[in-house]
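As a plain string of letters, each chain reads:
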Amino acid sequence: MSWRRRSGAFLLWLALLGVLAAIAARTTFTTDMSVFLPDSPDVGHQLLVDQLKNGMASRLFLVGIEGGKSTESAAVSRQMAATLRADARFAEVNNGASVHFEADRKLLFEHRYALSPKVDAARFEVEGLRAALQETVDLLASSAGLFAKPLVTRDPSGEMMALLAGLNRAGPTLTEGVWMSQGGSTALLLALTRAGGDDLDAQEAALEAIRAAFSAALPADSASLLRLEVSGPGVFAVHSRETIKSEVSRIAAAGTVIIVVLLLLVFRSVSVLLLGLVPVITGALAGVASVSLGFGVVHGLTLGFGTTLIGEAVDYALYLLIQRGSASTVPSRFWSTIMLGLLTSGCGFVALFASDFPGLSQLGLYSLVGLITAVLITRYLLPALLPAGFRIRDLRPLGERLARLVAASARWRLLVPVLALASLAYLVTRTEPVWQHELLALSPVSKADVLLDQRLRHDLAAPDTRYLVLLQGTDIEHVLARAETLSPVLDRLEAEGKISGWDSPARYLPSVATQQRRLQSLPARDELARRLALAAHGLPLAADKLTPFLDEVEAARTQAPLTPAALAGTSLAMAVEAMLLTTDHGVFALLPLSTPATGEAEVDASAVNQALDAWKREHDRDDGGAAIFLDIKTASDSLYLGYLNEILKLTTISIAIIALLLSCLLRSPLKMLRIVAPLSASVLVVLAALILCGQHLILLHLVGLLLIVAVGSNYTLFFNRDDGPIAPHTYASLLFANLTTVAGYGMLAFSSVPVLQAIGMTVAPGTILALVFSAMLYRQTKTRP
Amino acid sequence: MRAFVSFCFACLALFVVPAHAAGWDIDQLMQRLAANGAGRVHFTETRHLVLLDQPLVISGELVYVPPNRLERHSQTPVVETMIFDGSQLILTREGKTHTLSVRDYPAAGALIGAIRATLAGERHTLERDYALSLSGARAQWKLSLLPSDPALAQIVLRIQVSGSDGRIERIDILQADGDRSELRIDAPAPDTAAK
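Residues numbered from 1 in each chain as written. Chains lettered and ligands numbered in written order. Predicted model: local features only at pLDDT ≥ 70, side-chain atom pairs only at ≥ 80, totals over all residues. Heavy atoms only, no water.

Of the regular secondary structure elements, chain A holds 29 helices and 13 strands. For chain A, the residues scored as buried account for 54% of the 785 residues in total. The contacts of chain A with a sequence gap of at least 6 include a subset with a gap of at least 24, amounting to 82%. Split by element, the accessible area of chain A, about 32800 Å² in all, is 61% carbon and sulfur. (Helix = DSSP H or I, 4+ residues; strand = E, 2+ residues; numbered from the N terminus. Buried < 20%, exposed > 50% of the residue type's maximum accessible area, 1.4 Å probe, protein only. Contact = heavy atoms within 4.5 Å. Areas by Shrake-Rupley, 256 points an atom, 1.4 Å probe, with all protein chains shown as cover.)

Below, the structure written as structure tokens:
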């Protein structure tokens, strides 16, 4: 090979590398786990995903201050809350202390006739007034009398008390004026960020701000024992990002080191090692560049998965280098075997690429482009780069030893069908569930983090955001009006015990129409005075003491309705803001439903749906817009199941395509059988072993099975070439190819990211089995008639 | 069972008069009150409100669990429960529960806190908000609490607690707006004491 041609090829490669590196360098990387959520066109599902990504639940930090006396933790809680409230990054900070107490009471009292759900024409008739006055007298006799007394002359019908009762929400117990865990001394605090849950940098900054506020609030003089515990989706997301970042780089580094060491052992030459890495590096860069161009962003997991590509792409170089370095001529069928192998692997990756998972789709594209590039580089560039008279260490002794081993293993060939059938029998007869049905299974959040989250949520009696009724409307007024007509339905569900409670933005901010109706139902001053005199007759509360009431009702009649803007500076503003969502599809009201008090029970979805349907038929006929009951957990799990089914379908299709492809190219059912037998045996045995080890399968295991077929078919194809007996150096190259593959995927098996771990623990043993089974069946299939 | 027995003893201790005590001052009264254990007694309260033409009469049961918990279970005219645990008031009425932080209602807190501190015999706590004076003898005494804090004096003019030895028989509260209430505590029947 001429020097000119070599340097030409080298320059070409450098140019290509430069272009790919330039694209890769401009890539944005992400670790957002929601790429494993659907890209669904359905409005309900889209809202669900939006909620998971950016909803109030995703912006909530749960904070616990523990390890000291309750007086200490309460003091730190107050100090932290003050610091965080001053921080513009937080929309709401709540530690149980009433900050907006005065503003809330002032607003409620001033607008009590517009806000109180009890206000209607009947309430201000003689009978209604009499009942209200009697209630007030009873209230004065109660322990709450002390609180009610100052307002009686201005509000004898008790609208303020009715409002306060309606708004009073159960929270954790108060100790030292702040929320404290039941019977413990953990001070509790909730912080809601302004930034969405998918803005990870903002979430990380918020987490830092919380930690800093804690450190600053610690008493300086004493060595405090107080600890800070923070949980919530933001913490999970930030931790996931850290985990993925560190794992991906760790796995990539370790995988690369193992493969480099392996190559050095085989070739004992740095220059050959570098040549072997040429297709790998080019392939990996091409993969990143293509994903970057195709998707705009590259997920960290795609890069982690890329490690496995190193293990696979290096195979082709290995085959070529061992082939060229050992024999003077390359067998005629060598490249066709490689291409066939690439074709079958490619089928697997096309299936991933075609999936609706942006995450899997990325993996598919990355692998597909990476592998094709690696093969093309190996086929057309690498030979040109090889020095004249290229020779590697003599692998013949090793190859011959392997050949003897393969021959000997044929004695155990019956083991393959026996193991396969035993696995099949086990898979068919096992009773425990095989699939993990929860979306959470994909999350890299650690068990400890989950437990901490559950504990803090329990202590905080944190808003249960699992169940929501979603109402769509054209604007805020419209959606509030819809929410109002729904409230009797929800009240009925609560009375029937189907739900333990519900909330609605209309509870804090009734629609303008409703407010106006209430204000218009107030009688004129003279008329009210006449009715009041009649109503108070015989009651201990004399009408002539209630002149302030007459004045205030008269003033309320001409009052302007309360607007969202007027709520500013009160805790009502936050409640309304949290439950109203303005999107491109209109305004949504999110009405949280809570589960029966035990916390174990689930909301009866069919009862809620029936009630919603009946409501839509009766009251909501002319109204446009969605009214959906959303169980976020069930919905996201069913979403995940939908995916699982999709992947199952895609896997089946791609395996069928691989089979079809092989049968077309091989044109012999017997050859087909020889190729399919070891692969199906490996898949069955791995599957049975995973389940036997107590693994609940996630869809990435399924992807792993597909990869066993894709990668393993390379080996079986080599064992089934019909150009004479296998040369010793082919055995050696198969062994090294498998070792690099196992090194790549094996590293993933030790990852704590479930998505990577599942693939690793499936593919690494699967490809070993595919090679071993192919070897064991080798002689036997040859001699069969 | 052991817990039940010790509870019975504690209840008895609340209402038994020791014979050997001599002399009578605030410290002794406080010691006697502090020595009382948990108890459950029947009460009748009469409230005279300026706003109302007739007094309100409320009756029910008081439960005290030292040192911090005071429960008031009204039976007439309305069934309701109030639980005070030192930092918050939990009111249960018509199936609904309301929790109020004492921090938000300091005056009400000081008023109920005074009753609790008297029951617990916490002279130090009482003297933070009130000036104390004791009259009468051990067999029939009267403790007056006059608010020393001006903000509190806007709400309450005087609290008078009277009783016999370690037992509180009556609490009179006079409020600044002219409202007053008298709370009579019945001597516990032996069976209710052991409940």
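Anyway, onward from the coordinates.
With that settled, consider a nonpolar patch on the surface. Residues and elements named next belong to chain A. Together, Phe10, Leu11 and Leu14 line one region of the surface with nonpolar side chains, adding up to about 280 Å² of accessible area. Looking at the element boundaries, leucine 14 is found in helix 1 (residues 3-25). The class for leucine 14 is partly exposed, based on a relative accessible area of 38%. (Patch = residues over 30% accessible without salt bridge, like charges linked within 9 Å, V, L, I, M, F, W, Y side chains within 5 Å. Salt bridge = Lys/Arg side-chain N within 4 Å of Asp/Glu carboxyl O.)

Further remarks concern the interface of chain A and chain B. At the interface, 31 residues of chain A touch 31 residues of chain B. For the pairing of chain A and chain B, the buried interface totals around 2700 Å² over both sides, and the portion due to carbon and sulfur atoms is 58%. Summed over the three residues of chain A that lose the most area to chain B, namely Ser143(A), Phe147(A) and Lys149(A), the buried surface amounts to 22% of that side. At the surface where chain A touches chain B, the tally comes to three salt bridges. The tally of links between chain A and chain B comes to nine residue pairs in polar contact (both at pLDDT 80 or more). The biggest single contributor to the side of chain A that touches chain B is helix 6 (residues 126-141) of chain A, with six residues. (Buried area = accessible area lost by both parts, 1.4 Å probe. Polar contact = N/O pair within 3.5 Å; in protein donor to acceptor, adjacent residues only side chain to side chain.)

This part covers the packing of aromatic side chains. All names here are of chain A. For the structure shown, the criterion picks out six aromatic pairs over all chains. With 5.9 Å between their ring centres and 40 degrees between their planes, phenylalanine 10 and tryptophan 13 make a pair best called tilted. Of this pair, phenylalanine 10 and tryptophan 13 both sit in helix 1, three residues apart, roughly one helical turn. Under the relative-accessibility criterion, phenylalanine 10 is labelled partly exposed at 39%. Judged by its relative accessible area of 10%, tryptophan 13 falls in the buried class. Between phenylalanine 719 and tyrosine 778, the aromatic rings sit 5.4 Å apart at their centres with planes inclined by 65 degrees, giving edge-to-face as the arrangement. (Phe/Tyr/Trp six-rings, centres within 6.5 Å; stacked < 30°, edge-to-face > 60°.)

What follows deals with the sheet that holds strand 9 (residues 156-164) of chain B. Residues and elements named next belong to chain B. The eleven strands are arranged 6-5-4-3-2-1-11-10-9-8-7 in an open sheet whose pairing can be described as antiparallel. Both outer strands of the open sheet, strand 6 (96-101) and strand 7 (130-137), are each paired with one neighbouring strand and no more. In this sheet, neighbouring strand axes are inclined to one another by 20 degrees on average, regardless of whether the strands run parallel or antiparallel. Bridging between strand 1 (residues 39-48) and strand 2 (residues 56-65) involves nine bridges; their strand directions are antiparallel. Across the sheet, the residue bridging to arginine 47 is leucine 56, located in strand 2. (Pairing = 2+ DSSP bridges. Axes fitted to C-alpha atoms, helices over the stretch in contact; angles between N-to-C directions.)

What follows deals with the confidence of the model for chain B. All names here are of chain B. Of all residues in chain B, 85% have pLDDT values of 70 or greater, and the mean over the chain is 81. For residues 1-21, every residue scores under 50 in pLDDT, and the model assigns this stretch 24 contacts once sequence neighbours within four places are set aside. Scored by ipTM, the complex comes to 0.77, with pTM at 0.66. (pLDDT = per-residue confidence, 0-100.)

Here we come to helix 22 (residues 547-556) of chain A. Residue and element names in this part refer to chain A. Every buried residue of helix 22 is accounted for by Phe549, Leu550, Val553 and Ala556. On an axial view of helix 22, the arc spanned by its buried residues comes to 130 degrees, and they lie on one face. Each element contacted by the buried residues of helix 22 is listed here: helix 5 (112-115), helix 6, helix 20 (512-520) and helix 21 (525-536). (Arc of directions from axis to C-beta.)

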